[in-house]
Amino acid sequence: MRVLSMPFWCVENPVGDPFGRSILDRLSPLEVCDLLCAAKREGLIELTASHDDNLVPWDPANPEDDQDPASQTSRTLQEIRLRLQAAGLRMAMITCDLHGNPVFRGGGLANPNPGIRLLAAQKVLRSIRIGHFFGAEYLTYWVARDGFETQFALPWENTYRYLLEGLNLARRYIRDNKLSIRKGSIESKPNEPRGEMLLPTTGHALALSDALEEPGFWGVNPEILQHEAMTNLSPFVALALAVARGKLNFVHLGNQKPGQFDNDNPTMIGMSGVKELVGVLWMLERMGWQGHFEFDNHVLRTDTAPGADNAREIRMDFIRLNVENFRLAEAKAAELSADRELAAMQKAIWGELPGLADLLARGDWRRILAERPDYGQLNAQAVRIARLDTRANRLLLGRRE
Ligand code: GLO
Ligand code: MG
């Protein structure tokens, strides 16, 4: 069974939307922490994650308040750490919120204005220290407001350099101070909150990661099924390429109608997504990827209601439903993997020519040129994909014969 993470921000989210305010009562960071600890005690999750701002407020005039043990920031962080430790819940990932504060409305690490880039850098370094305080392993950079609405608003000759500088700085700070973070993670998104964002897809994020000072430190955390699907791209491509590059850190998980705004529906909640998620789990298992899934979605706004009891119960229910849906998909993926008939159909399509496969893998062009595979026989075989998918559908819908 996969290790699961539920972040602070998903549970905290009171779920407003651009057309209506939030309905759910707000909870303090300590109250959110208590719900997450309860979820750990119920055996639902093993890990959590947070933005700096979900834990403690940021004061730009005092960006090192976390270093002063007498500050309110330090006291709150201490208290959260004590509660997490008592529950055995690990903070696996820290991320810097560069989207909420209005000063970052034109961007964070890649903001054209050096004054704002400096504020963003200081906030990222403080987030890294907070992550270290909790023993976090991952630092996530989500592209957030690093983007544009109009093409003439950005200094394009410098824009990606700014982004590289900001991320290199984060890595250098971690290394020089021997902090707990062992992997940087880049999360792409095509749009929202900006009209266009600088890293719209996992492919863009992977390409950028190779241009950083220490490419091996940086990987990605695609958001499945949301971010890639917003522009009708496939989660399979994003994840398989990231695994093939050895750069899939973890997966962000929720549900989405392809082509729409960022739905952030809970896992498998919505009109589509069941077959995709089962497929994703099946594929990652085949690829031998061992990492964890982190929910990144929120309560459906319809499912909220005001009041202090609702504020806790609805959020706990939200955690339970995410986990239940994930486990359903996971069990189904295991069933598909174990199905002999499906495996035989795959084998028939993929072909059994180990000699030729080895030849290609060795890449010896002389021997490759010398081979004469039986074109007529290869071309005479129908590629029976619809039959194979029907077998998968039978398994998905519970018909075994
Ligand atoms: C929003 C993103 C966001 C990030 C988070 C972590 O669309 O998914 O939730 O995952 O800020 O960096
Ligand atoms: Mg995300």
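Note: the structure precedes this text.
A brief structural summary. (Residues numbered from 1 in each chain as written. Chains lettered and ligands numbered in written order. Predicted model: local features only at pLDDT ≥ 70, side-chain atom pairs only at ≥ 80, totals over all residues. Heavy atoms only, no water.)

### Quick word on the overall build of the protein
Part 1 of the reasoning: Looking only at helices and strands, the protein has 14 helices and 11 strands in total.
Part 2 of the reasoning: Compactness check: the protein gives a C-alpha radius of gyration of 23 Å against a globular reference of 21 Å for 401 residues, within 12% of the reference.
Part 3 of the reasoning: The principal-axis extent of the C-alpha atoms belonging to the protein is close to 75 × 50 × 40 Å.
Part 4 of the reasoning: Put simply, the protein shows about 19,400 Å² of open surface, and 55% of that area lies on carbon and sulfur atoms.
Part 5 of the reasoning: If you average the places of the 47 positive and of the 52 negative side-chain charges in the protein, the two averages end up 5 Å apart. (Helix = DSSP H or I, 4+ residues; strand = E, 2+ residues; numbered from the N terminus. Rg over C-alpha atoms; globule rule 2.2 N^0.38 Å. Areas by Shrake-Rupley, 256 points an atom, 1.4 Å probe, with all protein chains shown as cover. Lys, Arg positive; Asp, Glu negative; His and termini not counted. Charge placed at Lys NZ, Arg CZ, Asp CG, Glu CD.)

### A closer look at empty space enclosed by the protein
Part 1 of the reasoning: In total, this model carries 2 cavities of 30 Å³ or more according to the counting rule given.
Part 2 of the reasoning: Every residue lining the largest cavity is listed: Cys96, Leu98, Leu109, Val124, Leu139, Thr140, Tyr141, Trp142, Leu167 and Ala170.
Part 3 of the reasoning: Broken down by secondary-structure element, the contributors of at least two residues to the lining of the largest cavity are strand S4 (138-142) and helix H5 (156-176).
Part 4 of the reasoning: Ranked by residues supplied to the lining of the largest cavity, first place goes to S4 with 4 residues.
Part 5 of the reasoning: Among the residues making up the lining of the largest cavity, the classes are represented as 9 nonpolar, 1 polar and no charged.
Part 6 of the reasoning: Estimated volume of the second largest cavity: approximately 30 Å³.
Part 7 of the reasoning: What lines the second largest cavity is simply Gly106, Gly107, Ala110, Asn111, Pro112, Arg145, Asp146, Gly147, Leu154, Thr159 and Leu198. (1 Å grid on protein atoms, 1.4 Å probe; cavity = no way out; pocket = protein on both sides within 12 Å on 5 of 7 lines; lining within 4 Å. Points joined across faces, edges and corners; volume = space filled by probe spheres on them. Nonpolar A, V, L, I, M, F, W, Y, C, P; charged D, E, K, R; others polar.)

### Remarks on the pattern of salt bridges
Part 1 of the reasoning: Applying the stated criterion across every chain, the model contains 27 salt bridges.
Part 2 of the reasoning: We note a salt bridge from Asp53 to Lys123, for which the minimum N-O separation is 2.8 Å. Of the two residues, Asp53 sits in the loop between strand S2 (47-51) and helix H3 (72-87) while Lys123 sits in helix H4 (residues 114-134), which places them 70 residues apart along the sequence.
Part 3 of the reasoning: With relative accessibility at 30%, the residue Asp53 sits in the partly exposed group.
Part 4 of the reasoning: Lys332 is the salt-bridge partner of Glu335, the closest N and O atoms lying 3.2 Å from each other. Taken together, the residues span about one helical turn, with Glu335 and Lys332 both in helix H9 (residues 308-338) at a distance of 3 residues.
Part 5 of the reasoning: A relative accessible area of 15% places Lys332 in the buried class.
Part 6 of the reasoning: What emerges from the salt-bridge pattern is a single network uniting Asp34, Glu79 and Arg83. (Salt bridge = Lys/Arg side-chain N within 4 Å of Asp/Glu carboxyl O. Buried < 20%, exposed > 50% of the residue type's maximum accessible area, 1.4 Å probe, protein only.)

### With respect to helix H10 (residues 340-350)
Part 1 of the reasoning: Those residues of H10 lying buried are Leu342, Met345 and Gln346. Along the long axis of H10, the arc covered by the buried residues comes to 100°, so they all point the same way. For H10, the exposed residues set more than 90 degrees away from the buried face come down to Arg340 and Ala348.
Part 2 of the reasoning: For H10, the elements touching its buried residues are helix H8 (274-286), H9 and helix H14 (385-396). (Arc of directions from axis to C-beta. Contact = heavy atoms within 4.5 Å.)

### Structural notes on the site of ligand 1
Part 1 of the reasoning: Taken together, the neighbourhood of ligand 1 is formed by Trp9, His51, Thr95, Thr140, Trp142, Glu187, Lys189, Glu223, His227, His252, Asp262 and Asp296.
Part 2 of the reasoning: Within the side chain of His51, one N or O atom sits 2.6 Å away from an oxygen atom of ligand 1.
Part 3 of the reasoning: One of the side-chain N or O atoms of Asp262 is found 3.1 Å from an oxygen atom in ligand 1.
Part 4 of the reasoning: The fraction of the free accessible surface of ligand 1 (320 Å²) that becomes covered by protein chains is 94%.
Part 5 of the reasoning: More than half of the atoms of ligand 1 fall within 2 Å of the grid points belonging to the largest pocket.
Part 6 of the reasoning: Across the shell around ligand 1, the residue classes break down as 2 nonpolar, 5 polar and 5 charged. (Near = heavy atom within 4 Å. Polar contact = N/O pair within 3.5 Å; in protein donor to acceptor, adjacent residues only side chain to side chain. Sits in = over half its atoms within 2 Å of the grid points.)

### With respect to the nonpolar core
Part 1 of the reasoning: If you look at the biggest cluster of nonpolar residues, it comprises 107 residues, and the most contacted ones within it are Leu55, Ile128, Leu284, Phe293 and Ile319.
Part 2 of the reasoning: Examining the composition of this core, we find that 10 residues originate from one element, H9, more than from any other.
Part 3 of the reasoning: Each of domain 1 (4-338) and domain 2 (340-396) accounts for three or more of the residues forming this core. (Core = buried A, V, L, I, M, F, W, Y, C linked by side-chain atoms within 4.5 Å. Domains from an automatic or database assignment.)

### Quick look at the packing of H4 against H5
Part 1 of the reasoning: Here H4 crosses H5 at 30°, and the two axes come no closer than 10 Å. Taken together, H4 and H5 sit at an angle that is classed as roughly parallel. Crossing of H4 over H5 shows right-handed handedness. Contact with H4, carried on its side by Arg117, Ala121, Val124, Leu125, Ile128 and Arg129, involves Tyr162, Leu169, Ala170, Tyr173 and Ile174 of H5 and no other residues of that element.
Part 2 of the reasoning: Tallied by class, residues from the contact of H4 with H5 come to 9 nonpolar, no polar and 2 charged. (Axes fitted to C-alpha atoms, helices over the stretch in contact; angles between N-to-C directions. Parallel < 35°, antiparallel > 145°, perpendicular 65-115°, else oblique. Left-handed = near helix turned anticlockwise from the far one by under 90°.)

### Description of the side chain of Ser185
Part 1 of the reasoning: By secondary structure assignment, the location of Ser185 is in strand S6 (residues 183-187).
Part 2 of the reasoning: Given a relative accessible area of 0%, Ser185 falls into the buried group.
Part 3 of the reasoning: Every residue in contact with Ser185, bar those within four places of it in the chain, is listed here: Leu139, Thr140, Tyr141, Trp218, Gly219, Val220, Asn221, Asn249 and Phe250.

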